[in-house]
Amino acid sequence: QVQLVQSGGGLVHPGGSLQLSCQASGSISLINTMGWYRQAPGKQREMVALITRDGTTNYAGSVKGRFTISRDNTKNTVDLHMNSLKPEDTAVYYCNVHTYYGTSAGWGQGTQVTVSS
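Per-chain numbering applies: the sequence of each chain, read as written, is numbered from 1 onward. Local features in a predicted model are, by the rule used here, given only for residues with pLDDT of at least 70; side-chain atom pairs are given and counted only at 80 or more, and totals for whole chains, interfaces and linings are based on all residues. In computing side-chain properties, one takes all heavy atoms of the structure into account and sets aside hydrogens as well as water.

Participant: Would you explain the state of the cysteines in this entry?
Facilitator: In a disulfide, the sulfur atoms of two cysteines are held together by a covalent bond. Defined by distance alone, a disulfide is two cysteine sulfur atoms within 2.5 Å. One pass over the structure, following the stated rule, counts one disulfide. Note on cysteine connectivity: Cys22 is disulfide-linked to Cys95, with sulfurs 2.2 Å apart. Where Cys22 bonds to Cys95 through sulfur, the torsion about that S-S bond is close to -85°, and the disulfide is left-handed. Taken as a pair, Cys22 in strand S3 (residues 18-26) and Cys95 in strand S9 (residues 91-99) lie far apart in primary sequence, 73 residues in all. Taken as a pair, Cys22 and Cys95 share a single burial class, namely buried. Helix numbers and strand numbers start at the N terminus; a helix is a DSSP run of H or I with at least 4 residues, a strand a run of E with at least 2. For every residue, the accessible area (1.4 Å probe, protein chains only) is compared with the maximum for its type, and the residue is labelled buried under 20%, exposed over 50%, or partly exposed between those bounds.

Set out below in structure tokens:
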């Protein structure tokens, strides 16, 4: 089992930037993929960005080119840098990890990101 603690988020104007961070602890050796998901009001939770231990990334089409996911395997952290934010990016963002077996091993507590004028 992996424990995830998130930080960051908040309120930003359209076109602005925010950074989310996630600190992992527990069974760190099990982690392959780290990622960010989000859930907006009235919508299903969706994948935003994923990154494997070797650095391979995958982004949702709606955020590609605007968001950047990165990780530090020494510090056991994963970050999400969000640029050119749009109102439709407003959601609760969750950090998540998957094991080498493909199973979910933990979720962060959730962080509100609000993009509004």
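Participant: What's the story with the pairing of strand S8 (residues 77-82) in this structure? I'm lost.
Facilitator: It is a general feature of regular strands that their side chains alternate between the two faces of the sheet. With five of its six residues buried, S8 lies for the most part within the structure. Should DSSP find at least two bridges between two strands, the strands are taken to pair. The sheet contact formed by S3 and S8 spans six bridges and is antiparallel. Following the sheet pairing, Leu18 is matched in S8 by Met82. Hairpin connection between strand S7 (residues 67-72) and S8: a loop of four residues separates the two successive antiparallel strands, and Asn76 in this loop has a positive phi of roughly 60°.

Participant: I tried to follow the sheet that holds S7 on my own but got confused; where do I start?
Facilitator: The strands that make up a sheet pair up through hydrogen bonds in the backbone, lying either parallel or antiparallel. Reading across from one edge, S1-S3-S8-S7 is the order of the four strands in this open sheet, with antiparallel pairing throughout. Bordering the open sheet on either side are strand S1 (2-8) and S7, each of which pairs with just one other strand. Neighbour to neighbour, the strand axes of the sheet diverge by 15° on average, direction disregarded. Two strands pair when backbone bridges link them, and S1 and S3 are joined in this way by seven bridges, in the antiparallel orientation. Each bridged residue has a counterpart across the sheet, and for Val2 the counterpart in S3 is Gly26. For helices, the fitted axis covers only the stretch in contact; all axes are lines through C-alpha atoms, and the angles between them, taken along N-to-C directions, range from 0 to 180 degrees.

Participant: Where do I start with the side chain of Arg38 in this structure?
Facilitator: Locating Arg38 in the fold gives a position in strand S4 (residues 31-39). With relative accessibility at 5%, the residue Arg38 sits in the buried group. Counted as a polar contact is a pair of N or O atoms within 3.5 Å, where, for protein atoms, one must be capable of donating a hydrogen and the other of accepting one, and residues adjacent in sequence contribute only when both atoms are in side chains. Within the structure, Arg38 has its side chain in polar contact with the side chain of Ser62 (distance 3.4 Å). Within the local environment of Arg38, its side chain forms a polar contact with the side chain of Tyr93, the two groups lying 2.9 Å apart. Here, residues are in contact when the closest pair of their heavy atoms is within 4.5 Å. Setting aside residues up to four positions removed in sequence, Arg38 forms contacts with Gln44, Arg45, Glu46, Val48, Ser62, Val63, Phe67, Glu88, Asp89, Ala91, Val92 and Tyr93.

Participant: So what exactly am I meant to see when it comes to the packing of aromatic side chains here?
Facilitator: Think of a pair of aromatic rings as described by two things: how far the centres are apart, and how the planes are tilted against each other in angle. Pairing of aromatic rings covers Phe, Tyr and the six-membered ring of Trp, with a centre-to-centre limit of 6.5 Å; geometry is then stacked below 30 degrees between planes, edge-to-face above 60, and tilted otherwise. As enumerated under the stated definition, the model contains two aromatic pairs in all. Measuring from centroid to centroid gives 5.2 Å for Tyr37 and Trp107, while their planes differ by 65°, and the two rings are edge-to-face. Separated by 70 residues along the polypeptide, Tyr37 in strand S4 and Trp107 in strand S10 (residues 104-107) bring together distant segments of the chain. Measuring from centroid to centroid gives 6.4 Å for Tyr94 and Trp107, while their planes differ by 85°, and the two rings are edge-to-face. Here the residue Tyr94 occupies a position in strand S9, and Trp107 occupies one in strand S10, the gap between them amounting to 13 residues. Relative accessible area serves as the criterion here: at 38%, Trp107 is assigned to the partly exposed category. Put simply, the rings of Tyr37, Tyr94 and Trp107 pair up and form one aromatic cluster. Residue placement shows Arg45 over the ring face of Tyr94; its charged tip is 3.9 Å from the ring centre. Directly above the aromatic system of Trp107 lies the positively charged group of Arg45, at a separation of 4.7 Å from the ring centroid. Remark: a charge is flagged as sitting over a ring if the NZ atom of Lys or the CZ atom of Arg is within 6 Å of the ring centre and within 35 degrees of the ring normal.

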